[in-house]
Amino acid sequence: MTISTKDPKNTKKAMRKSTLLRIISYVKPYMGFVILSLVLAVLSVALTLLIPIFIGNGVDLIVSKGHVDFAALLRIIRRIVICIAVTAAAQWTMNHINNKITYLIVRDLRKEAFHKIHSLPLSYIDAHPTGDLISRVITDVEQLSDGILLGFTNLFTGIVTIVGTIIFMLTLQPLITLIVAVLTPLTFFAAKFISDRSFRFFKKQSESRGNLTTLTNEMIGNLTVVQTFGHEAAALKEFEKRSRELGENSMKATFYSSLTNPTTRFLNTLIYNGVVIAGCLLCFLSPIGSSLLTIGKLTSFLAYVKQYSQPFNDITNVITEFQNSVASASRVFEMLDEEPEPADDPDAISIEHAEGAVQIKNVAFSYTPDHPLIENLNVDVAPGRRIAIVGPTGCGKTTIINLLMRFYDVNSGSISVDGTDIRRIRRLSLRDNYGMVLQDTWLKAGTIRENIAYGRPDATDEEIVAAAKKAYAHSFILRMPNGYDTEIEENGGNLSAGQKQLLCIARVMLNLPPILILDEATSSIDTLTEIRIQKAFDEMMKGRTSFVVAHRLSTIRDADEILVMRDGHIIEQGNHEQLLAKNGFYSRLYHSQFERS
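Residues numbered from 1 in each chain as written. Predicted model: local features only at pLDDT ≥ 70, side-chain atom pairs only at ≥ 80, totals over all residues. Heavy atoms only, no water.

Quick word on the sheet that holds strand E5 (residues 420–421)
Turning to step 1, where the next piece is worked out: Spatial ordering of the open sheet is given by E2-E1-E4-E5, a layout of four strands whose pairing is antiparallel. The open sheet has two edge strands with one neighbour each: strand E2 (374–381) and E5.
Turning to step 2, where the next piece is worked out: Summarising the sheet, strand E1 (residues 358–365) and E2 pair through five bridges and their orientation is antiparallel. Bridging across to E2, Val363 finds its partner in Leu377. (Pairing = 2+ DSSP bridges. Helix = DSSP H or I, 4+ residues; strand = E, 2+ residues; numbered from the N terminus.)

Below you can see the structure in the form of structure tokens.
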């Protein structure tokens, strides 16, 4: 019997190879720049390699004549100066092009990653911390950028230098050249041995960096809550723990990677000293007048050996740094390879303006297979009806909203709008027919005007002001330093919770769709403002199908129908008076709220 096993080492090697090939695929669109950079690398290296020839000629000129021929020496110096000047210009241009290539590659990758996040299903976003996703898009791509730039800067020049110096050394002394060419690549084996061990620590370093970013984002974003509950010490302890993990992985990765340079320099120094000894012996043992190896040629040859060994140091540095880049890139590619939100059916339709009839039929749904949430849910909503959904935390109220919006698809059963299964309606078209005001407000950094017009960027100033007035936001906006042009900090940091909620309501008021979803929409508003908002909602919901999720039962008395949920099932159904008359779960829930108040 044959047992099939997977070798972890081979798996890692295959993953690295796949990641490298994928990185190269991002280079292909800019091959014109790459070729130009390579040409400039050849030019700069060729001119650099000419300089030792000129220096050797100068040495031989002095040694052979026994005196200084200033005219001939000045000609040599002039050639050296020209080579240096042209080399400097070529290297500056090459570095500029390499920076441009790197920027374009990173721009493409980061843009693709950002777009990918928007196409991922909500289940993936829910399962991954925000900080980790930010780390992949920003930090990991930046790490890749450093590796690519170092690769273009040192790899091209290094390879060309190695080939060029071998050619020049062969013209000077073939025997020693062959010895050098055979021994120097030993540095690659040393570098490979070290880099194989550093890769896994660079991978762990990227992961622990993502964990630290997640915690930092979480704590800073909710600093008020942290301070309110006196959680600063615990937060600091967790931060120190994750920071220590990052430090340990970074130190291990740095330890192995830092071995590369001194190891290769040690080997190259041994080879260089061996060449010096062999060259001196050849010079002294050569017959008088022989051109086998003159003092000038030995000077040139030693310069070439130095130049020949330097690229090996640079290339091994590139290999080491690239381990970090490949580890970071693999995390980005992992995200890019995630299955996107299922595409709309080819025959999916668009609805311009829905009538608002919603039917939920035999729906079952759970976030995880082993934890059923909603089972056999049935609701039939006529156009223009106002439906309230109430129940204890975790009963499935918000889940129904997620299913209506197709953030998640039902496991079985169907949800229809105007008689059409929403899985046969294009998502963008479906969501255009919904307006949402959620308990968790979100405002982008920008002006108040831009935030109100988020769903309709082409709205006129008059329409924006009218929407703000309907949401009772106009008066507080006028009290702001620059009115509607007041800049809002990230997520409305310079506004109160109630003010942020009012702006979110105004955003929906500006673009009234046929179906409304209000999920605890007035939870952050004082009682007086809530009364005014309720009047505005009453006007807004006329003729529109509305789903109102609320814990404060006083806000849903006027609902046409109230769905009372518990453990994913509708246990009671009817209007406010009917449910009170039943003296059941809703009645107990309603009276308990007023008793507590």
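Still more ground to cover, so stick around.
Quick word on the packing of aromatic side chains
Turning to step 1, where the next piece is worked out: Counted under the stated rule, the structure contains five aromatic pairs.
Turning to step 2, where the next piece is worked out: Ring centres of Phe365 and Tyr408 lie 5.6 Å apart, and the angle between their planes is 65 degrees; on these two criteria the pair is classed as edge-to-face. Taken together, the residues Phe365 in strand E1 and Tyr408 in the loop between helix H12 (397–404) and strand E4 (412–417) connect sequence positions 43 residues apart.
Turning to step 3, where the next piece is worked out: Since its relative accessible area comes to 4%, Phe365 is described here as buried.
Turning to step 4, where the next piece is worked out: A residue is classified by how much of its surface remains accessible, and Tyr408, at 11% relative accessible area, is buried.
Turning to step 5, where the next piece is worked out: Ring geometry for Tyr367 against Tyr408: centres 5.1 Å apart, planes inclined by 85 degrees, an arrangement best described as edge-to-face. Residue Tyr367 is found in the loop between E1 and E2, and its partner Tyr408 is found in the loop between H12 and E4; the two are separated by 41 residues along the sequence.
Turning to step 6, where the next piece is worked out: Members of the aromatic cluster, joined through ring pairs, are Phe365, Tyr367 and Tyr408. (Phe/Tyr/Trp six-rings, centres within 6.5 Å; stacked < 30°, edge-to-face > 60°. Buried < 20%, exposed > 50% of the residue type's maximum accessible area, 1.4 Å probe, protein only.)

Considerations on the pairing of strand E12 (residues 569–574)
Turning to step 1, where the next piece is worked out: Relative to E12, strand E11 (residues 561–566) runs antiparallel, the two sharing five bridges. Bridging across to E12, Arg566 finds its partner in His569.
Turning to step 2, where the next piece is worked out: Counting the residues in the hairpin turn of E11 and E12 gives two residues, including Asp567, whose phi is positive at 55 degrees.

Remarks on the nonpolar core
Turning to step 1, where the next piece is worked out: Ile452, Ile477, Leu503 and Ile562 are the most contacted members of the largest nonpolar core, which totals 42 residues.
Turning to step 2, where the next piece is worked out: When residues in this core are grouped by element, the largest group, eight residues, is from helix H17 (residues 497–510).
Turning to step 3, where the next piece is worked out: In contact with Ile562, other than residues within four places in its own chain, are Ala388, Val390, Ile556, Glu572, Gln573, Gly574, Asn575, His576, Leu579 and Tyr586.
Turning to step 4, where the next piece is worked out: Val358, Ile387, Ile389 and Val417 belong to the second largest nonpolar core, which has 33 residues in total. (Core = buried A, V, L, I, M, F, W, Y, C linked by side-chain atoms within 4.5 Å. Contact = heavy atoms within 4.5 Å.)

Things to note about unusual backbone geometry
Turning to step 1, where the next piece is worked out: Backbone geometry at Arg406 places phi at a positive 60 degrees, although glycine is not the residue there.
Turning to step 2, where the next piece is worked out: Judged by its relative accessible area of 5%, Arg406 falls in the buried class.
Turning to step 3, where the next piece is worked out: Unlike most non-glycine residues, Tyr472 shows phi in positive territory, near 60 degrees.
Turning to step 4, where the next piece is worked out: Mapped onto the elements, Tyr472 comes out in the loop between helix H15 (461–470) and helix H16 (474–478).

Let's talk about helix H9 (residues 232–258)
Turning to step 1, where the next piece is worked out: A rise of 1.5 Å per residue sets the reference length of H9, with its 27 residues, at 39 Å; its end C-alpha atoms lie 37 Å apart and thus fit the reference within 8%.
Turning to step 2, where the next piece is worked out: Considered for burial, the residues of H9 that qualify are Ala235, Leu246, Asn249, Ser250, Ala253 and Ser257. (Expected span 1.5 Å × (residues − 1).)

Some remarks on the sheet that holds E12
Turning to step 1, where the next piece is worked out: Read from one edge to the other, the open sheet built from six strands follows the order E6-E9-E10-E3-E11-E12, with strand pairing classed as mixed. For this open sheet the edge positions go to strand E6 (434–437) and E12, each flanked by a neighbour on one side alone. Across the sheet, the axes of successive neighbouring strands diverge by a mean angle of 20 degrees, strand direction being ignored.
Turning to step 2, where the next piece is worked out: Pairing between E6 and strand E9 (residues 515–519): four bridges, direction parallel. The residue bridging Tyr434 from the neighbouring strand is Ile515, located in E9.
Turning to step 3, where the next piece is worked out: Contacts from H12 reach strand E3 (386–390), E6, E9, strand E10 (545–549) and E11 within the one sheet, and its direction differs from that of E10 by about 145 degrees.
Turning to step 4, where the next piece is worked out: Across the sheet, H17 lies against E6 and E9, angled at about 170 degrees from E6, the strand it touches most. (Axes fitted to C-alpha atoms, helices over the stretch in contact; angles between N-to-C directions.)

Quick look at a nonpolar patch on the surface
Turning to step 1, where the next piece is worked out: Side chains of Leu175, Ile179, Val182, Leu183, Leu186 and Phe189 sit close together on the surface and give an oily, nonpolar patch of about 620 Å² of accessible area.
Turning to step 2, where the next piece is worked out: Secondary-structure elements contributing two or more residues to the nonpolar patch are helix H6 (174–183) and helix H7 (186–221).
Turning to step 3, where the next piece is worked out: Looking at the element boundaries, Leu186 is found in helix H7. (Patch = residues over 30% accessible without salt bridge, like charges linked within 9 Å, V, L, I, M, F, W, Y side chains within 5 Å. Areas by Shrake-Rupley, 256 points an atom, 1.4 Å probe, with all protein chains shown as cover. Salt bridge = Lys/Arg side-chain N within 4 Å of Asp/Glu carboxyl O.)

As for the pattern of salt bridges
Turning to step 1, where the next piece is worked out: All told, the structure shown has 20 salt bridges when counted by the stated rule.
Turning to step 2, where the next piece is worked out: Two residues, Asp140 and Arg209, come together in a salt bridge whose shortest N-O distance is 3.7 Å. Residue Asp140 is located in helix H5 (residues 130–172), and its partner Arg209 is located in helix H7; the two are separated by 69 residues in the primary sequence. Each member of the pair, Asp140 as well as Arg209, carries the same accessibility label: buried.
Turning to step 3, where the next piece is worked out: A salt bridge links Arg331 to Asp140; the shortest N-O distance between them is 2.7 Å. With a gap of 191 residues between them, Arg331 in helix H11 (residues 295–336) and Asp140 in helix H5 connect regions that are remote in the sequence. With respect to class, Arg331 is no different from Asp140; both count as buried.
Turning to step 4, where the next piece is worked out: The network of salt bridges with shared partners includes Asp132, Arg136, Asp140, Arg209, Arg331 and Glu334.

Considering the packing of H5 against H6
Turning to step 1, where the next piece is worked out: It is the contact of H5 with H6, at a shortest axis distance of 6 Å, that shows an interaxial angle of 145 degrees. Side by side, H5 and H6 meet where Ile166, Met169, Leu170 and Leu172 of the first sit next to Pro174, Thr177 and Val180 of the second.
Turning to step 2, where the next piece is worked out: Tallied by class, residues from the contact of H5 with H6 come to six nonpolar, one polar and no charged. (Nonpolar A, V, L, I, M, F, W, Y, C, P; charged D, E, K, R; others polar.)

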